[in-house]
Structure formats: structure tokens, C-alpha cells
Amino acid sequence: MRGKGEGAVYRVPADLKKPLQYWTAVIELPSHGIDPETGKAPRRRKVIRRKNKKALLAELAVQRAALQERGDLPTAGMTTAQWFTYWVESIAATEVRPNTLTGYRAAVTRHIIPTIGRVQLEKLSASHIRRVHEAILAKGLSSTTALLSHRVMSMSLKIAVREGRIGRNPAALTEAPRRAVTALDVLDLPEAVALLRDTLDDPDGIRWATYLLTATRRGEVLGLEAERVGDALDMSWQLQRIPYVHGCGGTCGRRFGGDCPERTIRVPADHEYRNIIDGLYWTRPKSRKGWRIIPNVDPLRSILERHMTAAAPNPHGLVFARPDGRPYDPDRASNEWHQFMIARFGEERSVRLHDLRHTTIDLLYLAGVPEDLIQEIVGHSTRAQSREYRSRGNMERLTGAMKSLSAILADQGLHDRKAS
């Protein structure tokens, strides 16, 4: 018989007429997130067995105290797949930005779980970590992908150690894959000038010109609002897609959060965002050092003035919107750029939209712009002294830097074009 306050403590077998085998106690544990196959949160329990009831109750008290302190307990039945699913959906999702989480989730679901997901977490070793590296490289993927997966495993298992689920971090016992040296394909000066000439009269091509003349990231141009365009471009917001997750805790039984009738988004508490429409949001850059003010000088100023005068208004106040007034999806924009490059150069070139930043940096160096200003213009500061939100106190030097870039473009025949 169970005593008062003992909870799920029982004798095995329950029939008192039969010889005692052992006493069992069961502690209910927090769920490790939604099972992607069932859409539900599996039940978790820790089972304790002892021959002696007094010893069982003593161990039960110890485990309950540990649960109260840590929030969870290790269980022999936890697999690597269960742990990584729990970590990415319940821990990382509250600590990292949505785009970062997308990368973590891809590493977990595509590489880590398929390779070592069935291994018991407490039995995970350095050889299992290396197995993930080898499986990624065997698929013909890059060592950079293997390195990302290693970092994800290392971060996740560090939390597992901290929570007492495993004794040590096996990823820390394994050398991380070395990042392969890659040669970026970037546009040179003649190619950049030719691109500008060919796109300035194309409403859609003006997007590409804006990237090239500002060294901005993909979402910064797509999310640029007309009210942030003047003597300078305020790049303190960017457009990103934030995936939906279950808002019902998985009780709706649907597999993906986007299908849940109570769908929601999950972002860190300190992450600023504004909804545009559906799953598209304005979000802040990673840090305040990325909140850039870029002087708006010719030829960019005239290009944007002409575009904003001719473009049909859209309900979101965006500088660049699709013909139906909706925002551009970031992935769709990258695909359109890829098709543009194929039409222009054929399959032999692989200049990514993001890599236009490198061309702009090359042009700024060519124009003789000091390195500290290049770092500030492109938001790639590596100086030790961190700085808060960029004020206009340095605008005179920044404007001079951008005018230097304008000058070398003018020398190539790209003179100012005024808005009609």
C-alpha cells in the first residue's frame, strides 16, 4: 500500500500474496516538445526501482529535489533525436533569431537526427559526433555544413550537460571540421558598371542597383520603407520571414505549425519585430551596430527618386513591392537574382545576391575610402570598441565616402539621373 504523499509508488507485483520483486516510483517530467510525426507532446516519466521501500522513498526525495532545481531529469529512455528536438524547439527557439533557428533546425532534422537520432543520449560519444561529420561530407556537402552541424551539436549538448542529462559534452572531445577555403564569385568594376547601366531603366532591376550601391543585406532593401529614404537611408529594419509554430501545444494534431488554427511565431523576448503581412515581418538587425545610416547620394539618390515617383503605391509603404502590392519574399528575391544572373552570364557564374556586398566593398576601396568608413557603411565593423546606434555625428565623413564612390561611377559614364 502507498503511504500519504508518496505519489506514484507501488509494489511489484501488486498482489501481496506473491513474493516482492521490487518497489517502483514514477515521476512525471516536462515534455520534450512536439513529435513531428504525431503533432503531439509525448508523455515523459522517470522510473525508479529499489528492492527496499525505504531506499526507494529516499531516492524519490532526491530526484524530486533535483527536478525542482533543474527543471528536468535525465532518463535512460531519452534518445538523441528526442533531446535535439526538444532543444531546438523549446530552448533555442526562445534564445536565437528566427533565421538562425532555421539553420539550427535544418542541421538537426537533415543531418543530426537521421545519422545518430536512435542513439541513447547518455551513450553518445565522440565517435557519434564524427559520424555526423562523415555523413554530411559523404552526401557531397561542404565542410562548412559539417562545421555548422558540429557547432549545433556542441551548443545543444553543452545545455544537456548543464541540465545533468549527460556527464560530459562529446562534441567538445572532437575536433570541429575545418571550413573549406572558397573563392567567392563577385562582379568586377566593368561588370558592376554594365549591370547598373542595364538596370537603371528597369523598375525591377533598380532593386539590384540599390544592393550594389549600398552593400545592404537582402532583407534590408526588401524591407526599406519610403519614410526612411531622404538625405540618408535608414537601414534600422529588415524584412524577414518568420515561420509559424503551433499555438495550441500540438493538440490540433496537425503536423506543421503553419496549419495550426492557433498558429503563432516564436522569437526571443528581446527581438523587435513588426508584422507586414502573413509571415513577413520587419525585424531589427542582429545588433545595434547593424543599425546603419547610409548617405543617399547620386547616382543612387536619383535612381530611387525616379523609382518612387513612378512606382504604384502599396499598403505597406515599401520602396520595393511586387506588382500586386505585396512585399517580396526573401527567398523569391534570391531566386529572381539567380535567374537574372543566368540570363546575363549563363550557368558559369554563381554570384549570390548577398555577395554584391563584396563588390561594393571592392569599389569603396578602389575609391580610396578609409577602411573604418567602409566598415561603418557596410556594417562589418571588427573594431574592439563597440558602438551604439549610429548617429549623424559622422555623417560628413560618410557622405564624403559615398561621394567618392559616386565619382568613380561617374567616370564610367554613369552620370546623375534626375527624377522626372
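See the structure above.
Residues numbered from 1 in each chain as written. Predicted model: local features only at pLDDT ≥ 70, side-chain atom pairs only at ≥ 80, totals over all residues. Heavy atoms only, no water.

Enquirer: I'd like a description of the overall build of the protein chain, backed by residues and values.
Expert: Summing up its helical and strand segments, the protein chain has 13 helices and eight strands in all. At a minimum sequence separation of 6, the contacts of the protein chain that also span at least 24 residues come to 65%. As displayed, the protein chain offers around 21,800 Å² of accessible surface, 50% of which is attributable to carbon and sulfur atoms. (Helix = DSSP H or I, 4+ residues; strand = E, 2+ residues; numbered from the N terminus. Contact = heavy atoms within 4.5 Å. Areas by Shrake-Rupley, 256 points an atom, 1.4 Å probe, with all protein chains shown as cover.)

Enquirer: Report on helix H6 (residues 189–199), specifying residues and quantitative values.
Expert: Taken as a whole, H6 has its buried residues at Glu191, Ala192, Val193, Leu195, Leu196 and Thr199. Where H6 begins, the side chain of Asp188 points an oxygen toward the backbone nitrogen of Glu191, at a separation of 2.9 Å. (Buried < 20%, exposed > 50% of the residue type's maximum accessible area, 1.4 Å probe, protein only. Polar contact = N/O pair within 3.5 Å; in protein donor to acceptor, adjacent residues only side chain to side chain.)

Enquirer: Give a description of the pattern of salt bridges that names residues and reports values.
Expert: A full pass over the atoms with the stated rule returns 16 salt bridges. Note that Arg241 and Asp329 form a salt bridge whose closest N and O atoms lie 2.7 Å from each other. Here Asp329 lies in the loop between helix H9 (300–310) and helix H10 (330–345) and Arg241 lies in strand S5 (residues 238–241), a separation of 88 residues in the sequence. What makes Asp329 buried here is its relative accessible area of 16%. Arg326 is the salt-bridge partner of Asp278, the closest N and O atoms lying 3.0 Å from each other. (Salt bridge = Lys/Arg side-chain N within 4 Å of Asp/Glu carboxyl O.)

Enquirer: Lay out the sheet that holds strand S6 (residues 273–277) in plain terms, naming residues and giving numbers.
Expert: With antiparallel pairing, the three strands of this open sheet are ordered in space as S5-S7-S6. A single partner strand is all that each edge strand has here, and the edge strands are S5 and S6. Averaged over neighbouring strand pairs, the angle between their axes works out to 35° when direction is ignored. Pairing geometry for S6 and strand S7 (residues 280–283), over four bridges, is antiparallel. (Pairing = 2+ DSSP bridges. Axes fitted to C-alpha atoms, helices over the stretch in contact; angles between N-to-C directions.)

Enquirer: So, the pairing of strand S8 (residues 292–295): which residues are in play, and what are the values?
Expert: Of the two faces of S8, the one lined by Arg292 and Ile294 and the one lined by Ile293 and Pro295 are each fully buried. Pairing between strand S4 (residues 232–235) and S8: four bridges, direction antiparallel. Counterpart to Ala232 in the pairing with S8 is Pro295.

Enquirer: Residues and numbers for helix H5 (residues 143–162), please.
Expert: In an α-helix there are 3.6 residues to a turn, and that puts residues three or four apart on one side. The end-to-end C-alpha distance of H5 is 28 Å, a good match for the 28 Å that 20 residues give at a rise of 1.5 Å each. Within H5, the full set of buried residues consists of Ser143, Ala146, Leu147, Ser149, His150, Val152, Met153, Ser156, Leu157, Ile159 and Ala160. Lining the buried residues of H5 we find helix H2 (80–91), helix H3 (98–116) and helix H4 (126–138). Backbone geometry just downstream of H5 places Gly164 in the positive-phi region, at approximately 80°. (Expected span 1.5 Å × (residues − 1).)

Enquirer: Account for the sheet that holds strand S1 (residues 8–12), naming residues and giving values.
Expert: Backbone-to-backbone hydrogen bonds pair the strands of a sheet. The strands run either parallel or antiparallel. As summarised here, the arrangement of the three strands in space is S1-S2-S3, forming an open sheet in which the pairing is antiparallel. Pairing within the sheet leaves two strands with one partner each, and these edge strands are S1 and strand S3 (44–50). Across the sheet, the mean angle separating the axes of adjacent strands is 25° when strand polarity is ignored. By the bridge criterion, five bridges tie S1 to strand S2 (residues 22–29) in an arrangement that is antiparallel. From the neighbouring strand, Val12 faces S2, where its bridge partner is Tyr22.

Enquirer: An account of the environment of Leu67 is requested, with residue identities and associated values reported.
Expert: Within the secondary structure, Leu67 is located in helix H1 (residues 53–70). Along the backbone, Leu67 and Leu29 are 38 residues apart, and their C-alpha atoms lie at a distance of 8.3 Å.

Enquirer: Explain the packing of aromatic side chains residue by residue, including any values.
Expert: For the structure shown, the criterion picks out seven aromatic pairs. Residues Trp208 and Trp337 carry aromatic rings whose centres are separated by 5.2 Å and whose planes lie at 65° to one another, so their mutual orientation is edge-to-face. Here Trp208, found in helix H7 (residues 205–214), pairs with Trp337, found in helix H10; they are 129 residues apart in sequence, far enough to count as distant. Classification of Trp337 as buried rests on a relative accessible area of 1%. Members of the aromatic cluster, joined through ring pairs, are Trp208, Tyr211, Trp337 and Phe340. Geometry around Tyr328 places Arg207 over its ring, the cationic atom sitting 3.8 Å from the centre. (Phe/Tyr/Trp six-rings, centres within 6.5 Å; stacked < 30°, edge-to-face > 60°. Lys NZ or Arg CZ within 6 Å of the ring centre and 35° of its normal.)

Enquirer: How would you summarise unusual backbone geometry if you had to cite specific residues and measurements?
Expert: Trans peptide bonds make up most of the peptide bonds, and negative phi angles are found at most residues other than glycine. Here Val12 and Pro13 are connected by a cis peptide whose omega angle stands at 0°. Mapped onto the elements, Pro13 comes out in the loop between S1 and S2. With an omega of 10°, the peptide bond between Asp298 and Pro299 qualifies as cis. Although it is not a glycine, Ala215 sits at a positive phi angle of roughly 60°. As for its placement among the helices and strands, Ala215 is situated in the loop between H7 and helix H8 (218–222). In this model, Asp278 sits at a positive phi of 50°, which is unusual for a non-glycine residue. Secondary-structure assignment places Asp278 in the loop between S6 and S7. We classify Asp278 as partly exposed; its relative accessible area is 41%.

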